[in-house]
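Architecture at a glance
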Amino acid sequence: MKMNRTTQILAAAMLGVALAGVGMAGPAVADDDPDNGIEVSVTIEPKTTPGQVSMTVADNGGVALQENGSNAAARQFVGSLPTVTVTDTRRPEDIPAGDFWAVVGQAGEFTATSGSAPPIGPQYLGWRPRLLSDSSSGAVAAGEPVSSVISDGSGAPTVGLQGQELLVSTANSADEIGTWQVNADLALRTPADVAAGDYHSTLTLSLFNQS
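Below you will find a few notes about this structure.

Parameters and conventions
- Residues numbered from 1 in each chain as written.
- Predicted model: local features only at pLDDT ≥ 70, side-chain atom pairs only at ≥ 80, totals over all residues.
- Heavy atoms only, no water.
- Core = buried A, V, L, I, M, F, W, Y, C linked by side-chain atoms within 4.5 Å.
- Buried < 20%, exposed > 50% of the residue type's maximum accessible area, 1.4 Å probe, protein only.
- Helix = DSSP H or I, 4+ residues; strand = E, 2+ residues; numbered from the N terminus.
- Contact = heavy atoms within 4.5 Å.
- Salt bridge = Lys/Arg side-chain N within 4 Å of Asp/Glu carboxyl O.
- Phe/Tyr/Trp six-rings, centres within 6.5 Å; stacked < 30°, edge-to-face > 60°.
- 1 Å grid on protein atoms, 1.4 Å probe; cavity = no way out; pocket = protein on both sides within 12 Å on 5 of 7 lines; lining within 4 Å.
- Points joined across faces, edges and corners; volume = space filled by probe spheres on them.
- Nonpolar A, V, L, I, M, F, W, Y, C, P; charged D, E, K, R; others polar.

Take the nonpolar core next. Residues W127, L167 and V168 are the most contacted members of the largest nonpolar core, which totals 29 residues. Considering every element that reaches this core, the biggest residue donor is strand β10 (residues 178–191), with five residues. The contact partners of V168, leaving out residues within four places of it in the chain, are V86, W101, A102, V103, L131, V140, A141, A142, G143 and V182.

In structure tokens:
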């Protein structure tokens, strides 16, 4: 549609008023009323620790073996291993197929604190592991007894604790998770003519978890 000159002038005037109206708008006024504030909050849960297999040994002052059961073939000194606790806090779905754990023990030489008495080798120290907690599935079991190289007459292997011997284990971790306690009867059987003296050794326990 063609506009005549009068229409064009009116249109231009109206447009100018509209623009002027926009341009004359004043700045927004800030509202500092605290009642209009919005509180923002968040609850952060404690960071979860992935499940794991762990081992602890009960507080102890060491094991003092006492002579009991000596005979013409050997002198025998006995005691008890402090309670060992194994805990598996993993979820079954997080345990890889074929995963297992085991606690093994190995003793060092018994060395005399004074004098020239020769050391007593770790092969003379044996043990009889004992599971103190129930295993609901039977998957967790104590290790087999090990005798001193001087046999205790039980038929247990006469190898002592010179190598890593099994205290407790499970063949498949996913079969059972939880907490178990185990200890062991210790027996040091030495030659009958062993030299007198105070002897000390360290029995090292190690936890292995493999899949």
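Scanning all chains against the criterion turns up six salt bridges. Notably, a salt bridge pairs R90 with D99, separated by 3.0 Å at the nearest N-O pair. Looking at R90, the relative accessible area reads 9%, which means it is buried. Residue R91 pairs with E93 through a salt bridge whose shortest N-O separation is 3.7 Å.

For the rest of this paragraph, the subject is the packing of aromatic side chains. Inspection of every chain in the model, using the stated rule, returns one aromatic pair. With a centroid separation of 5.5 Å and 35° between ring planes, the pair formed by W101 and W180 is classed as tilted. Pair noted here: W101 is in strand β5 (residues 100–107) and W180 is in strand β10, with a separation of 79 residues, a long-range link. For the pair W101 and W180, a shared accessibility class is recorded, and that class is buried.

In this fold, G105 is placed in strand β5. For G105 and L161, which are 56 residues apart along the polypeptide, the C-alpha to C-alpha distance reads 7.1 Å. Sequence-distant contacts of G105, defined by excluding residues within four places in its chain, comprise W127, L161, G163, Q164, E165, L203, T204 and L205.

Roughly 710 Å³ of volume is contained in the largest pocket. Lining the largest pocket are 28 residues, with V63, L65, F110, Y199 and S201 positioned closest to its centre. Residue assignment for the lining of the largest pocket shows that the elements contributing at least two residues are β3 (74–80), β10, β11 (199–200) and β12 (203–210). Broken down by element, the residue count for the lining of the largest pocket peaks at three residues, all from β10. A breakdown of the residues in the lining of the largest pocket according to their chemical character gives 19 nonpolar, seven polar and two charged.

The values reported here are purely geometric and, on their own, carry no functional implication.
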